[in-house]
Amino acid sequence: MSDMAGAEEAAADGSAARWGRRAWELLERVRARAPLVQCITNFVSMDLMANVLLAAGASPAMVHSLREIDDFTPRADSLCVNIGTLSDGWLPSMRAAAAAAARSSRPWILDPVAVSASEFRMEACLGLVALWPTVIRGNPSEIIALTSACRVHDSKGVDSFHESLDAVESAKSLAQRSGAIVAVSGATDFITDGQQVVAAQNGVAMMQKITATGCAVTALIAAFVAVEPSNPLEATSCALSIFGLAGELGMEMANGPASLRVHIIDTLHGLSEYTVASRVKISLVS
Ligand SMILES: Nc1ncnc2c1ncn2[C@@H]1O[C@H](COP(=O)(O)OP(=O)(O)OP(=O)(O)O)[C@@H](O)[C@H]1O
Ligand SMILES: Cc1ncsc1CCO
Ligand SMILES: [Mg+2]
């Protein structure tokens, strides 16, 4: 092969192909290692979250009693904390588990569901952010609200009323302040460490019509970061893209949100190397 032909092949085999291979490598690692993911999550999301983790090859455990944290959290490979149905009783468990994960060098991921709905949620989240989450994943409204620590009750609840692009600057600022990777979900998912911004463009709008898809992808991020703790930016980007891809392929068989939910789980379980490598759409934005 001439030098010129080699250079052209290298250019064609650019970053899109590299991300495709990377996403497959991490999915394979999740399937091979079945990381134990402890989930302290809201009542709405428990079933979908556990099934998405299982379909991806991970091992979910919904363990939230304060009395079990010291025994269990250091043995889990990662922790997912979701404040969707926050109560006085559960907040101490969330804090203790986050602290235990950080102490035992386990990655832990925060989902700040409806953070601006009440002062209680906002203060709980700010306290959790101070416990060094590895990743924070929210919808655009949640990331904007958490970043500005606004206490204005201006949201409709758990759904976003912003586009993901609107939240990129907030995400960068939150990443710089917290030391976490921050991911904003939406038509395009943006993932940042405060400097670099990565875009993941898989997914279909119908995913927003299934409750707890956001919660479930946060748990999937926890599984990916468990098998690639030294690069949470890439692990988060790959998890979001793979979940979006399961949504795209699932939509080809679905009639609406209820059947899409089933097809996302089935698709995630059966994803092949060829499909992942050729359809993952991840790119470095800046
Ligand atoms: N317009 C869209 N087009 C494609 N994919 C989307 C779109 N909106 C959301 N998604 C995908 O749907 C999933 C859930 O994201 P969303 O922003 O709805 O989370 P959320 O609001 O936290 O959800 P929930 O609180 O119900 O768990 C993500 O994987 C995201 O990439
Ligand atoms: C609907 C709902 N309410 C609290 S948590 C949750 C799931 C989506 O975040
Ligand atoms: Mg959410």
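Refer to the structure above for everything that follows.
None of the values given here were measured: they were computed from a predicted structure.

Asker: Pulling in residues and values, what's your account of the environment of Gln38?
Answerer: Its place among the elements puts Gln38 in strand S1 (residues 36-40). In this structure the C-alpha to C-alpha distance between Gln38 and Ala61, which are 23 residues apart in sequence, comes to 4.9 Å. The contact partners of Gln38, leaving out residues within four places of it in the chain, are Ala61, Val63, Ile69, Phe72, Thr73, Ala76, Ser78, Leu79, Cys80 and Ala97.

Asker: Would you mind going over the pairing of strand S6 (residues 181-184) in detail, with residue names and values included?
Answerer: Residues of S6 alternate between two faces, with Ile181 and Ala183 on one and Val182 and Val184 on the opposite face, all of them buried. Inspection of the sheet shows strand S5 (residues 135-138) paired to S6 by four bridges, in the parallel sense. The partner of Arg137 across the bridge, within S6, is Ala183. Here S6 pairs with strand S7 (residues 189-192) via three bridges, running antiparallel. For Val184, the partnering residue across the bridge sits in S7 and is Phe190. Where S6 folds back on S7, the antiparallel hairpin that results is connected by four residues.

Asker: Residue-level account of the site of ligand 2, with values.
Answerer: As a matter of local geometry, ligand 2 sits amid Asn42, Val44, Gly84, Val113, Val158, Thr211 and Cys215. Across the complex, the protein chains shield 75% of the 280 Å² of accessible surface that ligand 2 would expose by itself. Of the residues assigned to the shell around ligand 2, the class counts are four nonpolar, three polar and no charged.

Asker: Explain the packing of helix H10 (residues 232-251) against helix H11 (residues 257-270) to me, using residue names and the numbers behind them.
Answerer: Taken N-terminus to C-terminus, the directions of H10 and H11 make an angle of 120 degrees; their axes are 8 Å apart at the nearest point. On the basis of their axis angle, the class for H10 and H11 is oblique. Viewed along their axes, H10 and H11 form a crossing whose handedness is right-handed. Where H10 approaches H11, its residues Ile242, Phe243, Ala246, Gly247, Leu249, Gly250 and Met251 are matched on the opposing element by Leu260, His263, Ile264, Thr267 and Leu268. Grouping the constituent residues of the contact of H10 with H11 by class yields eight nonpolar, four polar and no charged.

Asker: Outline the pairing of S1, supporting the account with residue identities and numerical values.
Answerer: Of all five residues in S1, four are buried; the element is thus mostly enclosed. Alignment of S1 against strand S2 (residues 59-61), held across three bridges, turns out to be parallel. Of the residues in S2, the one forming a bridge with Leu36 is Ser59. Taken together, S1, helix H3 (residues 46-56) and S2 constitute a β-α-β crossover, and its handedness is right-handed. Across four bridges, S1 lies against strand S3 (residues 78-82) in parallel orientation. Residue pairing for S3: Cys39 is matched across the bridge by Cys80.

Asker: Account for the site of ligand 1, naming residues and giving values.
Answerer: With respect to spatial proximity, 18 residues lie near ligand 1, and among them Asn139, Ser185, Asp189, Gly214 and Cys215 are the closest. In the model, an oxygen atom of ligand 1 is placed 3.4 Å from a nitrogen or oxygen of the Gly186 main chain. Asp189 is positioned such that a nitrogen or oxygen atom in its side chain is 2.7 Å from an oxygen atom of ligand 1. Out of a free accessible area of 640 Å², ligand 1 has 92% covered by protein chains. Among the elements that line the shell around ligand 1, the one with the most residues is helix H9 (residues 213-227), at three residues. Classifying every residue of the shell around ligand 1 gives eight nonpolar, eight polar and two charged.

Asker: Go over unusual backbone geometry, please, and point to the residues and values.
Answerer: Its identity is not glycine, yet Ser105 carries a phi of approximately 55 degrees, on the positive side. With a phi close to 50 degrees, Ala114 is a non-glycine residue in the positive phi region. Relative to the elements of secondary structure, Ala114 occurs in the loop between strand S4 (108-111) and helix H6 (119-129).

Asker: Go over the environment of Asn51, please, and point to the residues and values.
Answerer: On the secondary structure map, Asn51 appears in helix H3. Since its relative accessible area comes to 29%, Asn51 is described here as partly exposed. Taking the C-alpha atoms as reference, Asn51 lies 9.9 Å from His269; in sequence the two are 218 residues apart.

Asker: Can you tell me about the nonpolar core, naming the residues and giving the values?
Answerer: Residues Phe224, Ile242, Phe243, Leu268 and Val276 are the most contacted members of the largest nonpolar core, which totals 56 residues. When contributions to this core are tallied by element, the ones reaching two or more residues are helix H2 (15-33), S1, H3, S6, strand S8 (197-200), H9, H10 and H11. No other element matches the eleven residues that H9 contributes to this core. If near-sequence neighbours (up to four positions away) are discounted, Leu268 is found in contact with Arg31, Val52, Ala55, Ala56, Ile242, Phe243 and Ala246.

Asker: Can you break down the sheet that holds S2 residue by residue, with the values?
Answerer: Taken in spatial order, the nine strands line up as S2-S1-S3-S4-S5-S6-S7-S8-S9 in an open sheet, and their pairing is mixed. Of all the strands in the sheet, just S2 and strand S9 (282-284) have a single pairing partner and so form its edges. Each adjacent strand pair in this sheet contributes to an overall mean axis angle of 20 degrees, direction not counted. The pairing of S7 with S8 spans four bridges and is antiparallel.

Cut-offs used in this document
- Residues numbered from 1 in each chain as written.
- Chains lettered and ligands numbered in written order.
- Predicted model: local features only at pLDDT ≥ 70, side-chain atom pairs only at ≥ 80, totals over all residues.
- Heavy atoms only, no water.
- Helix = DSSP H or I, 4+ residues; strand = E, 2+ residues; numbered from the N terminus.
- Contact = heavy atoms within 4.5 Å.
- Buried < 20%, exposed > 50% of the residue type's maximum accessible area, 1.4 Å probe, protein only.
- Pairing = 2+ DSSP bridges.
- Near = heavy atom within 4 Å.
- Areas by Shrake-Rupley, 256 points an atom, 1.4 Å probe, with all protein chains shown as cover.
- Nonpolar A, V, L, I, M, F, W, Y, C, P; charged D, E, K, R; others polar.
- Axes fitted to C-alpha atoms, helices over the stretch in contact; angles between N-to-C directions.
- Parallel < 35°, antiparallel > 145°, perpendicular 65-115°, else oblique.
- Left-handed = near helix turned anticlockwise from the far one by under 90°.
- Right-handed = clockwise from strand over helix to strand, strands pointing away.
- Polar contact = N/O pair within 3.5 Å; in protein donor to acceptor, adjacent residues only side chain to side chain.
- Core = buried A, V, L, I, M, F, W, Y, C linked by side-chain atoms within 4.5 Å.

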